[in-house]
Amino acid sequence: MARQQSPMQQIRAALAAPLPHPLLDRLEAALGPEKVRFVSKILFYLALLLMFLGYILWQPVTIPELVAMGLLLVRILGFQRYTRGQALMVLAAVGVAAACAVSSGNVRFAILCMLACGCQGISFRKAVGLYVPVLAAALTGPFLMACLGLAPMTGQFPREGTLLLAGYVNPNGLAAVILGLSLVVAYLRWDRQTHADRIALVAVAAFVLLACGSRAVGACLLLAAVAKPLANRFAKDAVDLLPWVIPCCAAIGALFAMGYTEGGIISDFLDGLFSHRLSKGHTYYQHFGLTLFGQPALIETVMDTTSDSFPLDCAYIQLFVRFGLLSWVLFGWAYLKAGQTAARKGDLGLVCIIAIFGIYGMMEGYVLSVAINFTLLAATLLWEPQTSDVEASRAAGAAVPAGSATPAGAAAPVGTPNPSAPEEVIP
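Residues numbered from 1 in each chain as written. Predicted model: local features only at pLDDT ≥ 70, side-chain atom pairs only at ≥ 80, totals over all residues. Heavy atoms only, no water.

**Q** Can you tell me about the overall build of the protein, naming the residues and giving the values?
**A** Each helix and strand in the protein was counted, giving 20 helices and 0 strands. Each of the 427 residues in the protein was classed as buried or not, and the buried ones make up 50%. A separation of at least 24 residues holds for 73% of the contacts in the protein among residues at least 6 apart in sequence. Counting only carbon and sulfur atoms, one obtains 69% of the accessible surface of the protein, whose full area is about 20,000 Å². (Helix = DSSP H or I, 4+ residues; strand = E, 2+ residues; numbered from the N terminus. Buried < 20%, exposed > 50% of the residue type's maximum accessible area, 1.4 Å probe, protein only. Contact = heavy atoms within 4.5 Å. Areas by Shrake-Rupley, 256 points an atom, 1.4 Å probe, with all protein chains shown as cover.)

Set out below in structure tokens:
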């Protein structure tokens, strides 16, 4: 006689039951499952490339990014299958994204939500491989354009003691591209990392300090140089603690800025540690306050009230004040779950790089850019079922969705790849 399920098990089984998808069934019947999956992946990678193009154009909102959101929406509605629980999560995320976009007048956070909701069945490591050529082109392109006379030879924001490369108008933008490229290479070479790789990271850090004057990027590159030896030495602690870096940094960046007190020992120490980002954020918070879904806050308004022209550098303050409380909570929660899933899969390299980007987010808002921060694609890990979800699905008599049959709760040895992770071929 079957054992009676508890109410919680019944709820989990109900949420794990797959939903019918008549449109996708018709497409697969007409074209075949393989062709449908191919088209689905084309939509995702085209959207990702358009997001890269949107970053290069350097406008508040670009047509390529809006088109990318449309492609992802088509993928979400027409090319992905869901369980009841997944459908509820997607509806909640898209609802929050839409509310934040309308309330703030900015779609930046909505783009991140659409990316997270539209990446089902995508191999994280394969997608990350696109970043190397794209960021290499973003690094060399402006320099070549300046040499051809198509871009200015000097920056618009020169900083004392820096050597700006030709074609770049903002030293922090150049430093961000260098950081993104360096960290993606460090991640892809994590299992084959040698002393030469670490020396190269130290050399790049020194170059960034000289050329851009970015202490934040220099410090992050130095952390990347020592990340693997330290992670291997303290593997168990790293797996347990590093996924919490982004939620903790988000709390420090937003809550400490909200409660910043000039002259306080802890407040002044943290403010100095993060180059006065907390006091700048406090000024911004005082001026605009806090809302649930964000507000059309303009940086120029704050610049009129303070002599410092960069009050919104901290990514977490941008989320907290500009895009609202729910965006801040959703961002921290998603990164926590993705980091914990990566740790269970044994991908210690990804856990460490996520932590480094989390620290960088205290200083710069580039962490919210898909073109710079490749760990945003770790949202693909959120689609992998937890052990309890797999058991609930089996209890309900439903099959585990294809492409995600590996239980995320089955831990691989720390620092080793997961042989059962789903692979795919980039079209």
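On we go from here.
**Q** An account of the nonpolar core is needed here, citing residue identities and associated values.
**A** Core analysis: the largest hydrophobic core is formed by 122 residues, its most contacted members being Phe-44, Tyr-131, Tyr-316, Phe-331, Tyr-360 and Phe-374. When residues in this core are grouped by element, the largest group, 12 residues, is from helix α9 (residues 171-188). Not counting chain neighbours up to four residues away, the residues in contact with Phe-44 comprise Leu-72, Arg-75, Leu-115, Gly-118, Cys-119, Ile-122, Ala-127 and Leu-377. (Core = buried A, V, L, I, M, F, W, Y, C linked by side-chain atoms within 4.5 Å.)

**Q** A description of the packing of aromatic side chains should follow, citing residues and the corresponding values.
**A** The full count for this structure, using the stated rule, is 12 aromatic pairs. Between the aromatic rings of Tyr-82 and Trp-383, the centroid separation amounts to 5.9 Å while the plane-to-plane angle is 40 degrees, which identifies the pairing as tilted. One end of the pair, Tyr-82, is in the loop between α4 (63-78) and α5 (84-104); the other, Trp-383, is in the loop between α19 (348-360) and α20 (387-395), and 301 residues separate them in sequence. Of the two residues, Tyr-82 and Trp-383, neither departs from the other in class, the shared state being buried. Its guanidinium or amino end placed over the ring of Tyr-187, Arg-125 lies 5.2 Å from that ring's centre, counting from NZ or CZ. Lying over the aromatic face of Phe-234, Arg-233 brings its terminal NZ or CZ to 4.9 Å of the ring centre. (Phe/Tyr/Trp six-rings, centres within 6.5 Å; stacked < 30°, edge-to-face > 60°. Lys NZ or Arg CZ within 6 Å of the ring centre and 35° of its normal.)

**Q** Talk me through helix α10 (residues 195-211); I want residue IDs and the actual numbers.
**A** When the terminal C-alpha atoms of α10 are compared, their 24 Å separation across 17 residues agrees well with the 24 Å that a helix rising 1.5 Å per residue should span. In this structure, the buried residues of α10 make contact with α9 and α11 (215-233). Count one or two residues on from α10 and you reach Gly-213, which has phi positive near 65 degrees. (Expected span 1.5 Å × (residues − 1).)

**Q** So what about α5? Which residues, and what values?
**A** Each turn of an α-helix holds 3.6 residues, which means side chains three or four residues apart point in the same direction. The end-to-end C-alpha separation of α5 is 30 Å, in line with the 30 Å expected for 21 residues at 1.5 Å each. Backbone geometry just downstream of α5 places Gly-105 in the positive-phi region, at approximately 75 degrees.

**Q** Explain the pattern of salt bridges to me, and be specific about the residues and the numbers.
**A** By the definition in use, this model includes 6 salt bridges. Residue Glu-28 pairs with Arg-81 through a salt bridge whose shortest N-O separation is 3.0 Å. Of this pair, Glu-28 sits in helix α2 (residues 22-31) while Arg-81 sits in the loop between α4 and α5; the two residues are 53 residues apart in sequence, bridging distant segments of the chain. Taking relative accessible area as the criterion, Glu-28 reaches 23% and is therefore assigned partly exposed. Its salt-bridge partner being Arg-37, residue Glu-34 comes within 2.3 Å of it at the nearest N-O pair. Taken together, the residues span about one helical turn, with Glu-34 and Arg-37 both in helix α3 (residues 33-57) at a distance of 3 residues. For Glu-34, a relative accessible area of 57% translates into the label exposed. Accessibility expressed as a relative area gives 39% for Arg-37, which makes it partly exposed. Through salt bridges with shared partners, a single ionic network connects Asp-25, Glu-28 and Arg-81. (Salt bridge = Lys/Arg side-chain N within 4 Å of Asp/Glu carboxyl O.)

**Q** Now, about the confidence of the model for the protein: what can you tell me, with residues and values included?
**A** Considering every residue of the protein, the mean pLDDT works out to 81; 79% of them sit at 70 or more. Per-element averaging of pLDDT across the protein places α20 at the bottom with 47 and α19 at the top with 95. Contacts of residues 155-164 to residues separated by more than four positions or lying in other chains number 23 contacts, the stretch itself having pLDDT below 50. Within the model, the stretch residues 387-427 combines pLDDT values under 50 with 71 contacts to residues more than four positions away or in other chains. (pLDDT = per-residue confidence, 0-100.)

**Q** Break down the side chain of Arg-75 for me, citing the residues and quoting the values.
**A** Checked against the element boundaries, Arg-75 lands in helix α4. We classify Arg-75 as buried; its relative accessible area is 2%.

**Q** An account of a nonpolar patch on the surface is needed here, citing residue identities and associated values.
**A** A surface patch of nonpolar side chains, about 500 Å² in accessible area, is lined by Met-8, Ile-11, Leu-15, Leu-88 and Leu-91. For the nonpolar patch, the secondary-structure elements that each account for two or more residues are α1 (7-16) and α5. Broken down by element, the residue count for the nonpolar patch peaks at 3 residues, all from α1. Relative to the helices and strands, Leu-15 resides in helix α1. (Patch = residues over 30% accessible without salt bridge, like charges linked within 9 Å, V, L, I, M, F, W, Y side chains within 5 Å.)

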